[in-house]
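Fold and geometry: a report
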Amino acid sequence: MNRKLLILLFFLISFLAKSQSLVWTTDMTDAIAMSNEKRKPMLIFFTSPGAAENLQNEVFKSPEFEKWSRNNVILVKLDVSDASSNEIKEQNSKLRTAFNIVDLPQVCFASATIRKGKTMFDTLGKLSYIPGGAKAWITESDAIINPQ
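The rules behind the values
- Residues numbered from 1 in each chain as written.
- Predicted model: local features only at pLDDT ≥ 70, side-chain atom pairs only at ≥ 80, totals over all residues.
- Heavy atoms only, no water.
- Helix = DSSP H or I, 4+ residues; strand = E, 2+ residues; numbered from the N terminus.
- Buried < 20%, exposed > 50% of the residue type's maximum accessible area, 1.4 Å probe, protein only.
- Contact = heavy atoms within 4.5 Å.
- Areas by Shrake-Rupley, 256 points an atom, 1.4 Å probe, with all protein chains shown as cover.
- Expected span 1.5 Å × (residues − 1).
- Arc of directions from axis to C-beta.
- Pairing = 2+ DSSP bridges.
- Axes fitted to C-alpha atoms, helices over the stretch in contact; angles between N-to-C directions.
- Phe/Tyr/Trp six-rings, centres within 6.5 Å; stacked < 30°, edge-to-face > 60°.

The helix and strand tally for the chain stands at six helices and four strands. A burial count over the chain gives 34% of its 148 residues as buried. In the chain, 66% of the contacts between residues at least 6 apart in sequence involve partners at least 24 apart. Element-wise, carbon and sulfur atoms account for 54% of the exposed surface of the chain, whose accessible area totals about 9,600 Å².

This is how it looks when you write it as structure tokens:
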């Protein structure tokens, strides 16, 4: 019995370690700097506590997404209901409006430049949950960030 329990714990710890390896930034200034430095677009995930979790559970927590995101995008997570500070809440609300995000959760792919203290965004496309799991979602994402 103890051996089975130890094996189960080993697999659970391995799984949790893998699912925790995604690094999401919540600071837009840092995200823009990383995006420009690494020459990758930002994947901006707009969400709130009441939003459906299909996208997170079926796509973002998959090993396929982890590998794809590491090689293709800078991950940014913006909670539009974040009440940790009025400044963050206002910033996230303005970005939601600027990117014309209506339904939550939704992902917007974008790049940005800062010139003379002004941030200019280039929206590449938006994407919500797509049935079919991570592979289907990644295929659609690739079409947005790498148009042919």
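In this section: helix α6 (residues 133-145). End to end, α6 covers 19 Å across 13 residues, agreeing with the expected 18 Å (1.5 Å per residue, within 8%). Of all the residues in α6, the buried ones are G133, A134, W137, I138, S141, I144 and I145. Buried residues of α6 fall within an arc of 115° about the axis and therefore sit on the same side. Residues of α6 that are exposed and angled more than 90 degrees away from the buried face: K135 and T139. At its buried positions, α6 is contacted by β1 (42-47), α3 (54-60), α4 (63-72), β3 (106-115) and β4 (118-127).

This part covers the sheet that holds β3. Each strand in a sheet pairs with another by means of backbone hydrogen bonds, the pair being arranged parallel or else antiparallel. Taken in spatial order, the four strands line up as β2-β1-β3-β4 in an open sheet, and their pairing is mixed. Each having just a single partner strand, β2 (74-79) and β4 make up the two edges of the open sheet. Neighbour-to-neighbour, the strand axes of the sheet open up by a mean angle of 30°, direction not taken into account. Here six bridges tie β1 to β2, and the two strands are oriented parallel to one another. Within β2, the position partnered with M42 by the bridge is I74.

A few words on the packing of aromatic side chains. Counting across every chain of the model gives eleven aromatic pairs. Here the aromatic rings of F65 and W68 are separated by 5.9 Å at their centres, their planes lie at 40°, and the arrangement is tilted. Placement of both F65 and W68 in helix α4 is noted, with a separation of three residues, approximately one turn of the helix. Ring geometry for W68 and W137: centres 6.4 Å apart, planes at 90°, overall edge-to-face.

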